[in-house]
Structure formats: C-alpha cells, structure tokens
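Listed below are the residues making up each chain.
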Amino acid sequence: MSPRRRGAASGSQSVAALRLVLGDQLSFELSALSGLDPSRDRVLLAEVAEEAGHVPHHPQKIVFLFSAMRHFAEALRERGVAVDYVRLDDPANSGSLAGELARFAALHRPETIHITETGDWRVEQSLKGTGLPINWHEDRRFLCSRSEFARWARGKQQLRMEFFYRDMRRRTGLLLNPDGSPEGGVWNLDSDNRKPLPRGTRGFLRSRFACDGITREVLVLVEARFAHHYGRLDSFDYPVTHAEAERLWKHFLDFGLAAFGDYQDAMASGEPFLFHARIGAALNVGLLDVRRLCLDVEAAYREGRVALNAAEGLIRQLIGWREYVRGIYWLQMPDYARRNAFGNDRPLPEFYWTGRTRMNCMRQVIGQTLELAYAHHIQRLMVTGNFALLAGIAPPALCDWYLAVYMDAFEWVELPNVLGMVLHADGGYLGSKPYCASGQYIKRMSDYCQGCSYRVAESTTKDACPFNALYWHFLMRHRERLQDNPRMAMVYRNLTRMDEARQQALWQRGEALLARLDAGDSL
C-alpha cells in the first residue's frame, strides 16, 4: 500500500508544528521530530523533481529514496503521526522542497516549523530562502556537530583526518584500553588492510531484498519518468526499511566483517561487493545509526569474532573519514565546490556513462556501477577516480558523475571525497598528496589486468596500459606544484633518474591518449 495523501487539518484544530523530513533524514530519532505531539503536529515529506533531477541520478537511487520515504511515512502513521506526503506525480507538486514547504506552511499555518540541518548546502540555502521562520535543529545522527568540527579546525593550516580520528576515538572511547591508549598499541591499522585477494577467493553471499507493493509502485514511476537517466533498474536490491537495513547489517557483521579488514582494498572481476557491508546508503538516509554500528563492531572484536584490523578499519571509516569529510564540507562551503588547483577543464569521457572501453578495470567498475549503483571505495578512488585525475577531468564534471551514479552519494560526503581526495583539486587541504597510480597498482590489487586488451607491463607501445603513460604525464605536467611534496619525493627521484628518451616517449604516449579523449574517442 502506498502512502495515503492527507490534506489540511480538519475542523478548527490548529497545527502546532510543521516538521519537514528530507529524503536522507528517515530516522525516528531525527532532531526535527523531537518533542513531536501526534495530536497537534504534522510531518511533511515530499518527492520533488528538483532533487531527483538536478543531476541525472541513477534510477535505482531514486527508487531507493522514494521507496524508503514512503515506507517511513507509513511507519510514522502507524505511530499515530499525521503525515502530509507529496508524491512526485501529484498534480499540485511544485517540484521543489522550498515550494512544498511554503505550500504546506500556507495551508496549515503552523505555530512553528522545524527542520534538521540538511546534508546539501544548496538545499539548506533554498529552504532558508523561503523567508519562513524555521527552527533549525542540529543533526544529531552525526557524532561531531558542525560547530564542534569548526572548533577543532580553528587555527590549523591543514586538516588531517588521522588527528581528527584520534580525537574521535578518545571522545567515543571506542577500541581504547582503560588507560586511554589505543587497543593494539597503534591508532591506525591501514597498513594491514591492503592485502591482495588470493586467487579464487569469492565474497560472502549477500542478503537479498524482495520488492513489496510500495517499491514496485515506485519502480513503475521511476521507469516512466527517468528512463533517460543512465543505469539499470532491473537489478534493484536494496533495503528500504529500518528492519531490512538491520538485516543487511547483521548479515555483514556475521559473515563479512572478519575478512573485511584484510581485503577491503582488493578488487576482483565479477565480484562487486567482496567483503564490503553495502550499508552506506542505508546509513546516510537514517535507516541505520552510526553509534550502534560502532558498538556492534567493537563487541565483535572484544568477543574474538573478528581481528583488530577489521574492527579498527571499519570504525575508522565510520567515525573518522565519514565525520571528517562532513566537517570539511560544512566548514568550507560554498567556496570549496569551486576549487580546481590543477586548472583541469577536460570533459568527462562518454565511457563513464556507458562502460564501453577497452580498459578492463574501468569496464568492470563502470559496468557494475550502471548495474548496481555501487562500487566500493578503492574502485572509486584508484580506478575511475585515478583515471580522471591523470587525465585532467574538470572537477565539476566528475563530482556530478559520482553524485549521480552512486546509491550512497549525497553532496556532503561525495564532494570532499571526489574534489579533495580523488582529484586533489583543493590543493592539499584534505589530503597530503594526490592519490595517483599507474596500472601496476591495479594489477597488484585486482585481477582486472588479466582480462584486459591493454598490456599492463608496457607503457609506451600502442597496446600499453593507458594508466602507465598517463601517470608519468601527470607527474611531468605538475612537477612544479608537486615535486617539493615530501610524500612525492621518491617518485620524483625516479622520474629524474629516468633517461630523457624514456621521459619523451612517455610524454608523447600520454599526449596521444589525451588527444583521443579530446576527440571524443574511447580508450
């Protein structure tokens, strides 16, 4: 059953509070719902064209959000809450969140309006632009508030995740000894999380989720309205309720976490998930709570069910990196989105949208992205992201692509990751070095090179792996900016020792590859 439409409050009953819940705020403990009086308050949720189409979101992402929103509305109604739910195909739908908020504020004339801080700077500015007297609430789903992060960052020239992460461990007490020292004697076990996948290893069997009536109805809507968006719909298989998200999490905790520590950076053909939890989307929209997840992971380690590097690696992602990039986003917006330290302006190649390329690593990652709206962090950083960095893709084009195609991508998490970490376009504010690599990294961490038309052992021949020449071309063209970076010193020494003929051959091969991109050719 799909959410029923509700009109204005009946009779003379006044509406005390109108509480707007966004599509990525589907938590019963949401701060905007705090103190809710079911007898006098109303909750508003709206599916709007502006949010579904400001970038060409993957159709599965739109299905996930709309279905989760409709399920959440039904759950609120079962708790006795009055809900105004605006469907995308409602003839009265204004098409924007600001428009719907203004419409229902005029309809109900509430005494107060309550909204939790948004995840998107653009959306928050739009809602503030309505001129309505909104009571803004801190988003307590995160462990570090915007103001707390700003205090931590004050006076620092560079913000390093490692030091923020240690502070978060101290604040939460996670994986600490009684004397406050880190469990295992070190804060970060990242060096233990980079093992290549042994030949023949396969990922754990993932949970599957059947589509109910609400999801099937949304699938029909999205197929009709967003058929022009890139990405398949027929493989939709994501949790859309709190109960389903809990099942997904428990399955990973029982069967995936133990191997996650060793192989979280590994990649394999035909294995899109391996030992990754696939919880990012559910967590980012409020179907899971980060505090619970961290406590579950710590308990698994304390009880001897997983090794320390597995527990620490996941907790670092949850309370370190995730909270850190959100803090940077809200500290630096809106100027952060315009940064372009390398001055890159090359358009995004068409094969990012189609997957049609001879580079097997790119074909594998983009192919599974179009099929599943998913790729894990190393696939994003060191394959599609690495290629874009080496090729000089314009930051807005790549940022919009990541925001569009991935199920868990919301701007607060996507923009710093792509602009700062992937492209180094913030000039080193977020990361101390560019994450650039040749095809040798991909060979070491995956089996992709085995099925490739290009030869990873070659750099300058016509059938040489494009990553190899583009890697050295990138280093040469940005030598002045990067050669004094301490973390780049070794690679620039290697470049300096390279004979002139070799350097020239690499440069020419790189130029030829980039010329093909500029001509619109696929590699």
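Residues numbered from 1 in each chain as written. Predicted model: local features only at pLDDT ≥ 70, side-chain atom pairs only at ≥ 80, totals over all residues. Heavy atoms only, no water.

1. Re the overall build of the chain
The criterion, for reference: In this description a helix means any DSSP run of H or I spanning at least four residues, a strand means any run of E spanning at least two, and both kinds are numbered starting from the N terminus. The criterion used for residue contact is that any of the two residues' heavy atoms lie within 4.5 Å. Accessibility throughout is a Shrake-Rupley quantity obtained with a 1.4 Å probe, and a residue counts as covered only by protein chains that appear here. Residues scored as positive are Lys and Arg, those scored as negative are Asp and Glu, and His as well as the terminal groups of each chain are ignored. Think of each charge as sitting on NZ of Lys, CZ of Arg, CG of Asp or CD of Glu.
Within the chain one finds 22 helices and five strands. Expressed as lengths along the three principal axes of its C-alpha atoms, the size of the chain is roughly 85 × 60 × 50 Å. By sequence separation, contacts in the chain at least 24 residues apart represent 76% of the contacts at least 6 residues apart. Only carbon and sulfur atoms are counted for the fraction: they give 50% of the accessible area of the chain, which is about 21000 Å². When the 66 basic and 62 acidic side-chain charges of the chain are each reduced to a single mean position, those positions are 2 Å apart.

2. Concerning the sheet that holds strand E5 (residues 134–137)
The cut-off we apply is this: By the convention used here, strands pair only if DSSP detects at least 2 bridges between them. Geometry is summarised by axes, namely lines fitted to C-alpha atoms with helices restricted to the contacting stretch, and by angles between N-to-C directions that run from 0 to 180 degrees.
In space, the five strands of this open sheet follow the order E3-E2-E1-E4-E5, with parallel pairing throughout. Two strands bound the open sheet, and with one partner strand each, they are strand E3 (82–86) and E5. Adjacent strand axes in the sheet meet at a mean angle of 25° when their direction is disregarded. Here strand E1 (residues 17–20) pairs with strand E4 (residues 112–116) via four bridges, running parallel. Looking at the pairing, Leu20 lines up with Ile115 of E4. Packed on one face of the sheet, helix H3 (residues 97–108) meets E1, strand E2 (41–46), E3, E4 and E5 and runs near 155° to E2.

3. Topic: the environment of His137
The criterion, for reference: Whenever two N or O atoms come within 3.5 Å, that pair is a polar contact, provided that in protein one can donate a hydrogen and the other can accept it, and provided that, for residues adjacent in sequence, both atoms are side-chain atoms.
When you line up the elements, His137 lands in strand E5. Considering only alpha carbons, one finds His137 and Ser235, 98 residues apart in sequence, at a separation of 37 Å. In this view, His137 contacts Ser31, Ala32, His114, Ile115, Thr116 and Glu117; residues no more than four positions away in its chain are not counted. At a separation of 2.8 Å, a polar atom in the side chain of His137 contacts the side chain of His114.

4. Things to note about the environment of Thr496
This is how the line gets drawn: Relative accessibility thresholds used throughout: buried, under 20% of the residue-type maximum; exposed, over 50%; partly exposed, between the two (1.4 Å probe, protein chains only).
Tracing the sequence through the fold places Thr496 in helix H21 (residues 489–497). When its relative accessible area of 56% is taken as the criterion, Thr496 is described as exposed.

5. A word on the packing of aromatic side chains
Just so we agree on the cut-off: Only the six-membered ring of Trp is used, alongside the rings of Phe and Tyr, when aromatic pairs are assigned; centres must lie within 6.5 Å, and planes under 30 degrees apart are stacked while those over 60 apart are edge-to-face, with the rest tilted.
All chains considered together, the criterion is met by 26 aromatic pairs. Both rings, one in Tyr329 and one in Trp330, keep their centres 5.1 Å apart while their planes meet at 85°; by these two values the pair is edge-to-face. Per residue, the accessibility class of Tyr329 equals that of Trp330, and both read buried. Among the aromatic residues, those joined into a cluster by ring pairs are Phe351, Tyr352, Phe387, Trp401, Tyr402, Tyr406 and Phe467.

6. Thoughts on the pairing of E1
Of the two faces of E1, the one carrying Ala17 and Arg19 and the one carrying Leu18 and Leu20 are both buried. Of the pairings in the sheet, the one linking E1 to E2 comprises four bridges and is parallel in character. Considered in E2, the bridge of Arg19 is made with Val43.

7. Description of the pattern of salt bridges
Let me state the cut-off plainly: Salt-bridge detection follows one rule: a side-chain nitrogen of Lys or Arg within 4 Å of a carboxyl oxygen of Asp or Glu.
Applying the stated criterion across every chain yields a total of 40 salt bridges. Between Arg42 and Asp84 there is a salt bridge, with its nearest N and O atoms 2.9 Å apart. Separated by 42 residues along the polypeptide, Arg42 in strand E2 and Asp84 in strand E3 bring together distant segments of the chain. Each of the two residues, Arg42 as well as Asp84, counts as buried. One network of salt bridges, with partners in common, ties together Glu47, Arg70, Arg87, Asp89 and Glu217.

8. A word on the pairing of E3
Of all five residues that make up E3, five are buried, and the element is covered over most of its length. Side-chain alternation along E3 places Ala82, Asp84 and Val86 on one buried face and Val83 and Tyr85 on a second face that is also buried. As defined by bridge partners, E2 adjoins E3 across five bridges and the pair is classed as parallel. Considered in E3, the bridge of Leu45 is made with Tyr85.

9. Some thoughts on helix H16 (residues 395–405)
Among the 11 residues in H16, eight count as buried, and that is most of the element. At its buried positions, H16 is contacted by helix H2 (59–78), helix H13 (351–354), helix H14 (360–372), helix H15 (377–391) and helix H17 (411–422).

10. Section: the confidence of the model for the chain
So the rule is basically this: Confidence of the prediction at every residue is given by pLDDT, a number between 0 and 100.
Per-chain confidence: the chain averages 95 in pLDDT, with 98% of residues scoring 70 or above. The model gives residues 1–12 a pLDDT under 50, and that stretch makes 32 contacts with residues more than four places away or in other chains.

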